[in-house]
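Secondary and tertiary structure notes
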Amino acid sequence: MININSKLNSKIFEKDVELVPTRKGFGEGLLIAGEKDEKIIGLCADLTESTQMHLFAKKFPERFIEIGVSEQNLATVASGVAAMGSLPVISSYAMFSPGRNWEQIRTTICYNDRKVLVAGNHTGVSVGPDGGTHQALEDIALMRVIPNLVVVSPCDAIEARKATIEALSSKITTPVYIRLGREKTPIITTEETPFEIGKVSVFYESKKPEVTIIATGSLVYNALVSARELEEDGVGTIVLNLSSIKPIDKKTIIENVQKTGAVVTVEEHQVAGGMGSAVAEVLGEFFPAPIEFIGVKDKFGQSGTMNELIEHYGMGVKDIKEAVMKVISRK
Amino acid sequence: MEKLTDQKIKFLEETANNIRQSIIEMLVEAKSGHTAGPLGMADVFTALFFHALKHNSKEPFWEERDRVVLSNGHICPVYYATLAHAGYLPTEELMTLRKFGSRLQGHPHREFLPILETSSGPLGCGLSQAIGMALADRIKNGKNSTKQFYVLMGDGEQDEGNVWEAYLLAGKEKIGNLTMIIDRNNIQIDGFTENILPLEPFKQKLEAFNFDVQEIDGHDFNKIIEAIEKAQSVTDKASVIIADTIPGKGVKEWENKFEWHGKPPTKEEGEMALKELRSR
Ligand SMILES: Cc1ncc(C[n+]2csc(CCOP(=O)(O)OP(=O)(O)O)c2C)c(N)n1
Ligand SMILES: [Mg+2]
């Protein structure tokens, strides 16, 4: 059952659960942080509304820089802005930032140790009809390999808002990447749900858990639905929300895998190099256990609706439940 | 190139009108996609595929064909519709745009539709690919090459650094059989280009790269085809055609509005637009 300490949305399993895109949470968080901190400067590459930076840009036009469609310039200008003591936030689609400007982020932002918040929108196949060119499935891998950079992948719009505010607070002194989605996805958490960059939360825990499901992003929802259905079938699980991919909360992950001895990771990203790989690195070193990886398996995305594509690429509830049964058989 | 008669111009105008109707039907059915750019470029696409290009829809992989690289992939509805009207695809297939399993991906993807010269969507990469194609052809065929290389770009797309890296190289290599056609419709997503990241004086900038630059009315078939002929005749440098177009062209209510960059018409809006186009 749902971990009561996680204070999740009481309507989570209902038909009329609220649907909000995580990018909206980012836009709201930026506006709130911007109201408090005059150092914050927004920069965008011709996608101001669709990345939800328009909320900030409208309120603080004097602190907004329109860069045009030039993502390499976006990252490098931001580095310069940070050099003057301001706090830049850059937004585009993840395929272009950090996709196109990865080396600029690595060198001029991270290598230089400049605090910049990089917001990558339109991640995952859930981008839908725009097709494979616009569906970032590699950004976690690209970003988590850069030293000095924090990587956050919120599970819903509320968490995206909290993560944005925390990333821009003085608590965090390094650059941060935040991974966002385009489509409306279920509200999983509430204002009271604990969130802290660097911490994993237990969202679900059955009485006798046999498998630990570790999920990130909006697929945490599918993980929770799977856990509930499995529990009805007599199969207990733990569901962890791994929104903070780097730094990774080794302690909580290991503790919760020790209880079950088997893992399923769930992410809307290439299996290679993603969150599941990060988990495997931790477990390989400290507590080896069988793992099944739910994610895109070495394929590009394509056009379709969000649900069609989530099913097609094997990230639906049915796939997660099958992976759970499979990993139990591997114990 | 075949001579341009009054009768041919009439045919081109009718064809462009049919292509515009297809674009609207496709977008209404897809419920997502880009409207302004495709409608604005319908005349240029028609001039290319129904007059200027050396190509054969029965033999799409004919080695001697002219190459067309669509760099601003988001305007692909006009590309797909033109390919269908030119006999490359069944027109019914246009209704599958952006749907799961369709060959007509939201942005062009060669894996799904191999007759495309390239995949695109992420802006700023087409010119470099066209240069690569033209240089490889020059290395292989030298002066005996009979192919023309065309690349189509947007004006907002000019913001990308990759475009200007490619301009430097195209200037250096003096690629006589390369023609860059730029959709100068003055809009991009966030607004008018001159407010977002000004390009002017655009023609002079391009001339400074040592290109032959023409700026023309992108809706006048006489002018478009004359410009392509001139570009072909220039063999000691690459050519640029800045096509001044009206985004949303053909549907009065949508013309020159950047809001139409990336949204499709609703069913009702589509019907209104089709009525307007059919009455021409
Ligand atoms: C590298 C990259 N960055 C951002 C985008 C998102 N995008 C798609 S179209 C567009 C505006 C392009 O303007 P323009 O080329 O003038 O096209 P038009 O609006 O006239 O159709 C942007 C920013 C993209 N496709 N690729
Ligand atoms: Mg434009």
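Every value quoted in this text rests on a predicted model; they were computed, and no experiment measured them. (Residues numbered from 1 in each chain as written. Chains lettered and ligands numbered in written order. Predicted model: local features only at pLDDT ≥ 70, side-chain atom pairs only at ≥ 80, totals over all residues. Heavy atoms only, no water.)

1. Brief notes about the overall build of chain B
Counting secondary structure elements, chain B contains 10 helices and 5 strands. For 280 residues, the compact-globule estimate of 2.2 N^0.38 gives 19 Å, and chain B sits close to it at 18 Å. Here chain B, with 280 residues, has 59% of them falling under the buried criterion. Considering only residue pairs separated by 6 or more positions, chain B has 75% of its internal contacts joining residues 24 or more positions apart. Of the roughly 11400 Å² of accessible surface on chain B, 52% is carried by carbon and sulfur atoms. Charge-centre separation for chain B: the mean point of 33 positive side chains lies 3 Å from the mean point of 42 negative side chains. (Helix = DSSP H or I, 4+ residues; strand = E, 2+ residues; numbered from the N terminus. Rg over C-alpha atoms; globule rule 2.2 N^0.38 Å. Buried < 20%, exposed > 50% of the residue type's maximum accessible area, 1.4 Å probe, protein only. Contact = heavy atoms within 4.5 Å. Areas by Shrake-Rupley, 256 points an atom, 1.4 Å probe, with all protein chains shown as cover. Lys, Arg positive; Asp, Glu negative; His and termini not counted. Charge placed at Lys NZ, Arg CZ, Asp CG, Glu CD.)

2. Regarding the sheet that holds strand S4 (residues 87–93) of chain A
Paired through backbone hydrogen bonds, the strands of a sheet run either parallel or antiparallel to each other. Residue and element names in this part refer to chain A. Taken in spatial order, the 7 strands of this open sheet run S3-S2-S4-S5-S7-S6-S12, and their pairing is mixed. Because the sheet does not close on itself, it has two edges, and the strands there are strand S3 (64–66) and strand S12 (244–246). If you compare each strand with its neighbour and ignore which way they point, the axes differ by 20 degrees on average. Its contacts with the sheet put helix H6 (residues 157–167) on strand S5 (117–121), strand S6 (150–152) and strand S7 (176–179), and the angle it makes with S7 is roughly 170 degrees. (Pairing = 2+ DSSP bridges. Axes fitted to C-alpha atoms, helices over the stretch in contact; angles between N-to-C directions.)

3. Quick notes on the nonpolar core
Core analysis: the biggest nonpolar cluster contains 61 residues, and Ile24(B), Phe45(B), Leu48(B), Phe49(B) and Leu152(B) have the highest contact counts within it. Here this core takes 10 residues from helix H1 (residues 6–30) of chain B, the largest share from any one element. Once you skip the residues sitting within four places of it in the chain, Phe49(B) turns out to touch His55(B), Val68(B), Tyr79(B), Thr82(B), Leu83(B) and Tyr88(B). Ranked by size, the runner-up nonpolar core spans 38 residues in total, among them Ile90(A), Ile146(A), Val263(A) and Met275(A). (Core = buried A, V, L, I, M, F, W, Y, C linked by side-chain atoms within 4.5 Å.)

4. Quick word on the confidence of the model for chain B
Residue-level pLDDT values for chain B average 98, and 100% of them are 70 or greater. Prediction confidence for the complex, expressed as pTM and ipTM, is 0.97 and 0.96 respectively. (pLDDT = per-residue confidence, 0-100.)

5. Remarks on the pattern of salt bridges
Residues and elements named next belong to chain B. What the rule picks out here adds up to 39 salt bridges over all chains. The salt bridge partner of Lys 172 is Glu 173, with a shortest N-O separation of 3.3 Å. Asp 212 serves as the salt-bridge partner of Lys 230, at 3.3 Å between the closest nitrogen and oxygen. Residue Lys 230 is located in helix H9 (residues 221–233), and its partner Asp 212 is located in strand S4 (residues 212–217); the two are separated by 18 residues in the primary sequence. You can call Lys 230 partly exposed: its relative accessible area is 37%. (Salt bridge = Lys/Arg side-chain N within 4 Å of Asp/Glu carboxyl O.)

6. Here's the deal with the sheet that holds strand S1 (residues 67–70) of chain B
All names here are of chain B. Across the sheet, which stays open at both edges, the 5 strands sit in the order S1-S2-S3-S5-S4 with parallel pairing between neighbours. The open sheet has two free edges, formed respectively by S1 and S4, since each of these has just one partner strand. Pairwise comparison of adjacent strand axes, ignoring direction, gives a mean angle of 20 degrees for this sheet. In terms of strand pairing, S4 meets strand S5 (residues 239–244) through 6 bridges, oriented parallel. Paired with Glu 215 across the bridge in S5 is Ile 242.

7. Digging into the coordination of the magnesium ion (ligand 2)
All names here are of chain B. Taken together, the protein ligands of the magnesium ion (ligand 2) are Asp 155 (OD), Asn 185 (OD1) and Ile 187 (O), with distances of 2.0 to 2.2 Å. Along the chain, the residues that donate to the magnesium ion (ligand 2) are spaced as D-x29-N-x1-I. Linking Asp 155 in the loop between strand S2 (149–154) and helix H6 (161–173) with Asn 185 in the loop between strand S3 (178–184) and helix H7 (193–196), this pair joins segments that are 30 residues apart in sequence. Judged by its relative accessible area of 2%, Asp 155 is buried. With relative accessibility at 7%, the residue Asn 185 sits in the buried group. (Donors = N, O, S within 2.8 Å, 3.2 Å for Na, K, Ca; no water.)

8. Focus: the domain arrangement of chain A
When the parts of a complex come together, some accessible area is lost, and that lost area is often taken as the interface size. Residues and elements named next belong to chain A. Partitioning chain A into structural domains gives domain 1 (19–186) and domain 2 (198–328). Using C-alpha coordinates to define each centre, domain 1 is positioned 25 Å away from domain 2. Overall, the association of domain 1 and domain 2 removes approximately 2300 Å² of surface from exposure, summing both partners, and the carbon and sulfur fraction of that is 57%. Of all residues in domain 1, Val 125, Leu 137 and Arg 144 give up the largest surface area on contact with domain 2, accounting jointly for 29% of the area buried on that side. (Domains from an automatic or database assignment. Buried area = accessible area lost by both parts, 1.4 Å probe.)

9. What about unusual backbone geometry?
Excluding glycine, a negative phi dihedral is what most residues carry, and trans is how most peptide bonds are arranged. Omega for the peptide link from Ser97(A) to Pro98(A) comes to 20 degrees, which places this bond in the cis form. Following the sequence through the fold, Pro98(A) ends up in the loop between S4 and helix H4 (102–111). Cis geometry marks the peptide bond from Lys246(A) to Pro247(A); its omega dihedral reads 0 degrees. Here Pro247(A) lies in the loop between S12 and helix H8 (250–258). Phi at Arg98(B) is positive, roughly 70 degrees, even though this residue is not glycine. With respect to the secondary-structure elements, Arg98(B) resides in the loop between helix H4 (76–85) and helix H5 (126–141). Unlike most non-glycine residues, Asn210(B) shows phi in positive territory, near 70 degrees.

10. Remarks on the site of ligand 1
Taken together, 22 residues sit near ligand 1, with Glu71(A), Asp155(B), Gly156(B), Asn185(B) and His261(B) positioned nearest. More than a single chain frames ligand 1: its nearby residues are located in chains A and B. In the environment of ligand 1, an oxygen atom lies 2.7 Å from a nitrogen or oxygen atom belonging to the side chain of Asp155(B). For ligand 1, whose free accessible area comes to 590 Å², the fraction covered by protein is 99%. (Near = heavy atom within 4 Å. Polar contact = N/O pair within 3.5 Å; in protein donor to acceptor, adjacent residues only side chain to side chain.)

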